[in-house]
Amino acid sequence: MKLKLGIVLVVSLLLWGCSKEKATEPDPLLVLFEKPSTFPNTSYKMESNPITEDGFLLGKKIFFDGKLSRDGTISCAECHNQPYAFTHHGHAQSHGIDGQVGPRNAPALQNLAWGKTFFWDGGVFDLDLFSLAPIENPVEMDERIGNVLQKLRKDASYPPMFKKAFGTEEVTTERFLKSLSQFMLTLVSANAKYDQYKAGKASFNTDEKAGLTLFNEKGCASCHPEPLFTDESFRSNGLPTDFFRNFVDTGRYRITELKEDKYKFKVPSLRNIEYTFPYMHDGRFISLEDVLDHYTDGNMANLETLDPIFKQNTKRGIALTSKEKSQIIAFLKTLTDDSFLKDKRFAP
Amino acid sequence: MKKIAFALVLGISVFFAACETSDINPNDKNSVSLYFENLVGTDPIVLNTKTYTNASGEDFTISTFNYFVSNISLKATDGTELKFADKYFLVKESVEASKTITLPDVPAGDYTSVSFMVGVDSAKSVSDVSQRTGVLDPASYGTDNMYWSWNSGYIFFKMEGTSSKSAAANKGYKFHIGGFGGMSAKTANNLRSVTLTMADLAKVRKNIAPEIHLAIDAQKVFKSTLKIADKNEIMNPTLGTAVANNYKDMFAVEHVHNDKM
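Residues numbered from 1 in each chain as written. Chains lettered and ligands numbered in written order. Predicted model: local features only at pLDDT ≥ 70, side-chain atom pairs only at ≥ 80, totals over all residues. Heavy atoms only, no water.

**Brief notes about the packing of aromatic side chains**
Counted according to the given criterion, the structure contains 41 aromatic pairs over all chains. Ring plane angle 50° and centroid distance 5.2 Å describe the contact between tyrosine 173 of chain B and phenylalanine 175 of chain B, whose orientation is recorded as tilted. In this pair, the class of tyrosine 173 of chain B matches that of phenylalanine 175 of chain B, namely buried. Joined through ring pairs, the aromatic side chains of Phe56, Phe63, Phe64, Phe86, Phe183, Phe340 and Phe346 of chain A make up one cluster. Over the face of the ring belonging to phenylalanine 234 of chain A we find arginine 252 of chain A, whose NZ or CZ atom lies 4.2 Å from the ring centre. The ring of tyrosine 253 of chain A carries the charged tip of lysine 262 of chain A above its face, separated from the ring centre by 5.0 Å. (Phe/Tyr/Trp six-rings, centres within 6.5 Å; stacked < 30°, edge-to-face > 60°. Buried < 20%, exposed > 50% of the residue type's maximum accessible area, 1.4 Å probe, protein only. Lys NZ or Arg CZ within 6 Å of the ring centre and 35° of its normal.)

**With respect to the nonpolar core**
Of all hydrophobic cores here, the largest spans 117 residues; its most connected members are Phe176 of chain A together with Phe36, Tyr67, Phe116 and Met159 of chain B. In terms of residue count, the dominant contributor to this core is strand β5 (residues 64–76) of chain B (seven residues). In this view, phenylalanine 176 of chain A contacts Ile62, Leu68, Ile135, Ile145, Val148, Leu149, Leu152 and Phe162 of chain A; residues no more than four positions away in its chain are not counted. Of all hydrophobic cores here, the second largest spans 31 residues; its members include Phe215, Leu292, Ala301 and Leu335 of chain A. (Core = buried A, V, L, I, M, F, W, Y, C linked by side-chain atoms within 4.5 Å. Helix = DSSP H or I, 4+ residues; strand = E, 2+ residues; numbered from the N terminus. Contact = heavy atoms within 4.5 Å.)

**Quick notes on unusual backbone geometry**
Residue and element names in this part refer to chain A. Residues glutamate 226 and proline 227 are joined by a peptide bond in cis, for which omega reads 5°. In this fold, proline 227 is placed in the loop between α11 (220–223) and β1 (234–235). A cis amide bond, omega -10°, links phenylalanine 277 with the succeeding residue proline 278. Within the secondary structure layout, proline 278 lies in the loop between β2 (265–266) and α13 (288–296).

**Looking at the pattern of salt bridges**
Evaluation of the coordinates by the stated rule reveals 30 salt bridges over all chains. Across the pair aspartate 282 of chain A and arginine 284 of chain A runs a salt bridge whose closest N-O atoms are separated by 2.8 Å. The same class applies to aspartate 282 of chain A as to arginine 284 of chain A, namely buried. Between glutamate 93 of chain B and lysine 99 of chain B there is a salt bridge; the shortest N-O distance is 3.2 Å. You'll find glutamate 93 of chain B and lysine 99 of chain B in the same group, each marked buried. Within this structure, Arg104, Asp121, Asp249 and Arg254 of chain A form a network of salt bridges that share partners. (Salt bridge = Lys/Arg side-chain N within 4 Å of Asp/Glu carboxyl O.)

**A short note on the interface of chain A and chain B**
Counting residues at the interface gives 25 residues for chain A and 27 residues for chain B. Across the chain A/chain B interface, buried area totals approximately 2100 Å², and carbon plus sulfur atoms make up 58% of it. Among the residues chain A hides against chain B, the three largest losses belong to Phe125, Leu129 and Glu257 of chain A. Together they make up 30% of the total. Along the contact surface separating chain A from chain B lie one salt bridge. The salt bridge involving aspartate 128 of chain B is made with lysine 178 of chain A; its shortest N-O contact spans 2.7 Å. For the pair chain A and chain B, the interface holds five residue pairs in polar contact (both at pLDDT 80 or more). Listing elements by their share of the side of chain A that touches chain B, those giving two or more residues are α4 (127–130), α5 (132–136), α6 (145–154), α8 (173–185) and α12 (253–256) of chain A. Here the side of chain A that touches chain B takes four residues from α8 of chain A, the largest share from any one element. Classifying every residue of the side of chain A that touches chain B gives 11 nonpolar, five polar and nine charged. (Buried area = accessible area lost by both parts, 1.4 Å probe. Polar contact = N/O pair within 3.5 Å; in protein donor to acceptor, adjacent residues only side chain to side chain. Nonpolar A, V, L, I, M, F, W, Y, C, P; charged D, E, K, R; others polar.)

**Things to note about the packing of helix α2 (residues 53–63) of chain A against α8 of chain A**
All names here are of chain A. Contact geometry for α2 and α8: axes closest at 7 Å, N-to-C directions at 95°. The orientation of α2 relative to α8 falls into the category roughly perpendicular. Between α2 and α8, the contacting residues are Gly55, Phe56, Leu58, Gly59, Lys60, Ile62 and Phe63 on the first element and Phe176, Ser179, Leu180, Gln182 and Phe183 on the second. Looking at the contact of α2 with α8 residue by residue, the class counts come to seven nonpolar, four polar and one charged. (Axes fitted to C-alpha atoms, helices over the stretch in contact; angles between N-to-C directions. Parallel < 35°, antiparallel > 145°, perpendicular 65-115°, else oblique.)

Put into structure tokens, the structure is as follows:
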């Protein structure tokens, strides 16, 4: 199995090598991570954690390992499924250990190297520090990082992998976290129909074209700008705050405790949006039609922090006809990146 | 020949005598240790079993009493300041060994004050994970967690226990104080610096490794009428500010031992 994977990896490395104009890079392993030419520089300091094949394979093994949870049942992959851009398919709010439910929807794991903050409220500012959170969250994995490392030390398969990746068999917090980062950093989605269209390699039909124009002209792009389809800012798009009966999620305010951040959430990327349903931080909308209805139908909550862009019309929100809405949705579906969703390098 | 030898011997002994009288040879080094004795009032904390009464007349017990100490510096009588950069300590009432902090290689001299930060400074709080070893390694905490993973940052000060005045079902209270000022947004900063002047100088000599004995009065956490009845759980930085403002005053130098080794 591992051999097969290795072969797939090597083959894809070779293919990549061929397709590149300057096939001069001596280190073929760099293919695991490549900055798409249309993307800005990464936020992650890539030089602080050079991605290697062994580091990536170790990170992947950890990502799929239930040992990270108290009772061995919940792996990262449990809530982050590749075919759905690493979201928790079928769950509005993610279910963790003992069937417990947290208040938030699992976001897509993609293009994390460009993330400035993580979580819907941006509470974590370094991808390397991220994995501590789900591990220690009582409703997710409910384990202690110290115990996890202990379990890996005792598992005969891990120390040799740590040695391959980092030079010695020592299992440390840094190595554990950085190998997980290596795996997550490679989850780059930049090969959707949209990207091919931009590169002149695919064409859009009339609706998709109209949708792209509307997306830009009606202001969606002011928060969800290409190429990442998020500006990483915290905004309120007017979701009513009474979605849960006994809990109000104050979003970014929970982290900064600044009044102006109340009910603001990190603008999510819209890449692979066709597959990341249900939508919003609490998974309240099942379909893209529901999302568009929220933006247009004047049902936005009149929050003090509601983004000014939604206050320009008599009716709160963005004015769109139903035809325009379906055109925007047609455009959003061009953000689906099949090669990413089916990339075998990311499968266990 | 004999005379020369005699003169030499004399010279050497005079030289040594001179050293003895001026006392401080700046080339000599020794360690200075800080001993943190955690008290309630003047009595050493007894975890779990002893009940105390705070300034608002509330009964309370203490089950956990932890705090980070960093950025220690010693000031000599001549005004020079000796900084111990990149050294982080976690004092826990439950772990006797954690209460002694030893600072190695302190140049001989007379030291008049000691300063430190309660918490983990902002530079370290945003540092690469490779910088987080020892007491800063989140894997080192076990069940006595000192790191907020959901709001990246260390818990600078942690005090837990019970009180009949607590509104919690289990009668517990929890003060977890953190907040280094925020990565991008400006948020509550609960880092506090403490400077303590020593009535007795700490005299570092070749044969003296002073021990600075600090008395930490947990009762001070409740000054300015911080009431368990009002809030039994303080875990967010803005609420934590009032607690940090209280506990920064709980440190005092009790005395300094300058025993010859």
